[in-house]
Amino acid sequence: MVAAPATTASNEVTNMGRLTMDLRSAMTGLPAEIRSRIVARARRGPSSSDSAAGDFVPRTWLRGGHVQSIVGATPPRTWFVRRASRLFRSFGRRRVLAAADAVRLEAWIHPAQVGTPSSVAVLIHGWEGSAESPYVLSLGSWIWSRGTTVVRLNLRDHGGTHALNRELFHSCRLEEVVGAVSQVVTAAGTAPVTVIGFSLGGNFALRVALRAPEVGLVLRQVIAVCPPLDPQHVLESLERSPRLYERHFVRRWRISLTAKAATFPEEYDPASWSELETLRAMTERLVLEHTSFPSLDDYLDGYSIRKNALASLAVPATIIASEDDPIVPVEGLRRMPAHSGLNVDLQAYGGHCGFIERFAGSSWLDRRIGRLIVELDPRD
């Protein structure tokens, strides 16, 4: 749960030519033995050990929403993930994407190892997470080692990118995420693109899919893990949950606001937020002082996803969630009307973006999503 360091690399926007080369050509420089294993694995498709067949049923000591949510985001799990993803991270290329209205978003691109990529996956982290979040690194490393080009996207003001844009992040800034994904789709050419989001990133992924027909965006599918469909209910759930969750988000948000103020001292004063102790109070301050929404309720409604909206999805979508999620209530998912383009995979266990079977190695979630990508990924 440690914030990613601010980047010192160039903030110049990556041109489309370079982005196209990143997404349509294979990475070079891998040791021959490792590359041959990746190529062979990608060509033969998933093995039985790759597949997350059946429901997620962790060992008894790893059951419980709080256990899954915390274990997946703290050491030793995070240590093992970073160690296992070293090769994956070492071959990442930092790029700055031109999104909407001169907005710049940072992405880390990991080209496939098998020639022209058969598919591209855009990974979007949750609120106050980053492209370095353990669930992003774990999944990214898993699918990359099986032949998928991976793009890890940082939302505005996440992952130490506060200097890229003057205005603050908020959850209704959909157009810039649509713009960034559009850049990836254009550069990817004929390679199908899947958008995968975790928590708030899952909410963004579903909203990108809903906007796709309007902006001419062609996506293979979207996958949303533990997405908050009703932000008002999520805020109320956090207020009822053990205080450690709200304290965690309050602390991380304050760190982010301090970093923003250090970059734009004439615009922001972090001291004005220090007196606020709750997410509700901080969000209301954000809404009234830094958005055009007239109230907190209007803002929360601005990024809610209604059940009837999902019925109009033109992009195949999968929602993976757990009954024991202590942050995002799943009552609405239980009552989700049947829709041919939407698959709701509601598990009994998993917590919030957890689905951890052991401290080291891949997670059930990695294999489940990897399978979803391969099922729609034709191979020679």
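Small disclaimer: the values here were computed from a predicted structure and weren't measured. (Residues numbered from 1 in each chain as written. Predicted model: local features only at pLDDT ≥ 70, side-chain atom pairs only at ≥ 80, totals over all residues. Heavy atoms only, no water.)

Q: Help me understand the overall build of the protein in this model?
A: On a plain count of helices and strands, the protein comes out with 16 helices and eight strands. Out of the 380 residues in the protein, the part that is buried amounts to 56%. Summarising the internal contacts of the protein: among those between residues at least 6 apart in sequence, 79% fall at separations of at least 24. On the protein, roughly 15,900 Å² of surface is accessible, and the fraction owed to carbon and sulfur atoms is 53%. (Helix = DSSP H or I, 4+ residues; strand = E, 2+ residues; numbered from the N terminus. Buried < 20%, exposed > 50% of the residue type's maximum accessible area, 1.4 Å probe, protein only. Contact = heavy atoms within 4.5 Å. Areas by Shrake-Rupley, 256 points an atom, 1.4 Å probe, with all protein chains shown as cover.)

Q: Help me understand the packing of helix 6 (residues 134–144) against helix 16 (residues 364–375), please; the structure alone is not making it clear to me.
A: Helix packing for two helices is described by the angle between their axes and how far apart those axes are. Where helix 6 meets helix 16, the closest approach of the two axes is 9 Å, and the angle between their N-to-C directions is 45 degrees. One element, helix 6, and the other, helix 16, form an angle in the oblique class. Considering how the two elements wind past one another, helix 6 and helix 16 form a crossing that is right-handed. Between helix 6 and helix 16, the contacting residues are Ser 138, Leu 139, Trp 142 and Ile 143 on the first element and Asp 366, Arg 367, Ile 369, Gly 370 and Ile 373 on the second. Looking at the contact of helix 6 with helix 16 residue by residue, the class counts come to five nonpolar, two polar and two charged. (Axes fitted to C-alpha atoms, helices over the stretch in contact; angles between N-to-C directions. Parallel < 35°, antiparallel > 145°, perpendicular 65-115°, else oblique. Left-handed = near helix turned anticlockwise from the far one by under 90°. Nonpolar A, V, L, I, M, F, W, Y, C, P; charged D, E, K, R; others polar.)

Q: I'm lost on the packing of helix 10 (residues 243–263) against helix 12 (residues 279–290) in this one. Help?
A: The N-to-C vectors of helix 10 and helix 12 enclose an angle of 35 degrees; their axes lie 10 Å apart at closest approach. Two secondary-structure elements touch here, helix 10 through Glu 246, Phe 249, Val 250, Trp 253, Arg 254 and Leu 257 and helix 12 through Leu 279, Arg 280, Met 282, Thr 283 and Leu 286. Considering only residue class, the contact of helix 10 with helix 12 consists of seven nonpolar, one polar and three charged.

Q: Would you mind showing me how to read helix 12 here?
A: For an α-helix, the turn length of 3.6 residues means that residues three or four places apart are oriented alike. In this model, helix 12 (12 residues) spans 16 Å end to end at C-alpha, consistent with the 16 Å of a helix rising 1.5 Å per residue. Every buried residue belonging to helix 12 is among Leu 279, Met 282, Thr 283, Arg 285, Leu 286 and Val 287, and all of these are buried. Among the structural elements, helix 9 (231–240), helix 10, helix 11 (271–274) and helix 13 (296–302) are those in contact with the buried residues of helix 12. (Expected span 1.5 Å × (residues − 1).)

Q: Explanation requested: the nonpolar core in the structure shown.
A: General note: in soluble globular proteins, nonpolar side chains tend to be found buried as a group. One finds Leu 153, Leu 206, Leu 219 and Leu 310 to be the most contacted residues of the largest nonpolar core, which totals 75 residues. For this core, the element with the most residues is helix 7 (residues 174–188), which contributes nine residues. If we skip the residues at most four places from it in the chain, Leu 153 touches Leu 97, Leu 105, Glu 106, Ala 107, Val 122, Leu 123, Ile 124, His 125, Ala 131, Val 177 and Ala 180. (Core = buried A, V, L, I, M, F, W, Y, C linked by side-chain atoms within 4.5 Å.)

Q: When you look at the pairing of strand 6 (residues 221–225) in this model, what are you seeing that I'm missing?
A: Put simply, side chains in a regular strand alternate between the two faces of the sheet. Within strand 6, five of the five residues are buried, leaving the element largely enclosed by the surrounding structure. Burial of the side chains of strand 6 extends over both faces: Gln 221, Ile 223 and Val 225 are buried on one face and Val 222 and Ala 224 on the other. Crossover strand 5 (residues 193–198) to strand 6 through helix 8 (residues 200–215) is right-handed. (Right-handed = clockwise from strand over helix to strand, strands pointing away.)

Q: Honestly, the pairing of strand 7 (residues 317–322) in this entry has me stumped. Any pointers?
A: Burial within strand 7 is extensive, with six of its six residues counted as buried. Residue alternation in strand 7 divides its side chains into two sets, Ala 317, Ile 319 and Ala 321 and Thr 318, Ile 320 and Ser 322, and both sets are buried. Where strand 6 lies against strand 7, four bridges are found, and the strand directions are parallel. Bridged to Val 225 within strand 7 is Ile 320. Bridge count for strand 7 against strand 8 (residues 342–347) is six bridges, and the pairing is parallel. (Pairing = 2+ DSSP bridges.)

Q: What is the right way to read the packing of aromatic side chains from this model?
A: Centre distance and the angle of the planes are the two values used to describe a pair of aromatic rings. Evaluation of the coordinates by the stated rule reveals 13 aromatic pairs. Centre to centre, the rings of Trp 127 and Trp 253 are 5.2 Å apart; their planes meet at 80 degrees, and the pair counts as edge-to-face. With Trp 127 in the loop between strand 3 (120–124) and helix 6 and Trp 253 in helix 10, the pair connects residues that are 126 residues apart, well separated along the chain. Judged by its relative accessible area of 8%, Trp 253 falls in the buried class. In this arrangement the basic side chain of Arg 207 is found over the ring face of Phe 204, its NZ or CZ atom lying 4.4 Å from the centre. In this structure, Arg 285 is placed above the aromatic ring of Trp 273, and the distance from its NZ or CZ to the ring centre is 5.9 Å. (Phe/Tyr/Trp six-rings, centres within 6.5 Å; stacked < 30°, edge-to-face > 60°. Lys NZ or Arg CZ within 6 Å of the ring centre and 35° of its normal.)

Q: Quick question: what am I supposed to make of helix 4 (residues 77–84) here?
A: Arg 77, Thr 78 and Val 81 are the residues of helix 4 that are buried. Taken down its axis, helix 4 places every buried residue within 95 degrees of arc, on the same side. Exposed and oriented more than 90 degrees from the buried face of helix 4 are Trp 79 and Arg 83. For helix 4, the elements touching its buried residues are helix 3 (65–71), helix 6 and helix 16. (Arc of directions from axis to C-beta.)

Q: For this particular structure, what's the right way to read unusual backbone geometry?
A: Among all residues save glycine, negative phi is the norm, and among peptide bonds the norm is trans. With an omega dihedral of 5 degrees, the bond running from Pro 75 to Pro 76 counts as a cis peptide bond. Following the sequence through the fold, Pro 76 ends up in the loop between helix 3 and helix 4. Not every positive phi belongs to a glycine, and Phe 355 is a case in point at roughly 60 degrees. Considering the arrangement of structural elements, one finds Phe 355 in the loop between strand 8 and helix 16. Accessibility expressed as a relative area gives 0% for Phe 355, which makes it buried.

Q: What should I look at first to understand the sheet that holds strand 6 in this one?
A: Across a sheet, strands are paired by hydrogen bonds formed along the backbone, either parallel or antiparallel in direction. Spatial strand order, 1-2-4-3-5-6-7-8: eight strands in an open sheet with mixed pairing. The sheet is open, and its two edges are formed by strand 1 (93–98) and strand 8, each paired on a single side. On average, each strand axis in the sheet is tilted by 20 degrees relative to the strand beside it, whichever way the strands run. Relative to strand 5, helix 8 is tilted by about 145 degrees, and along the sheet it contacts strand 3, strand 5, strand 6 and strand 7.

Such coordinate-based values are descriptive only and should not be taken to indicate function.
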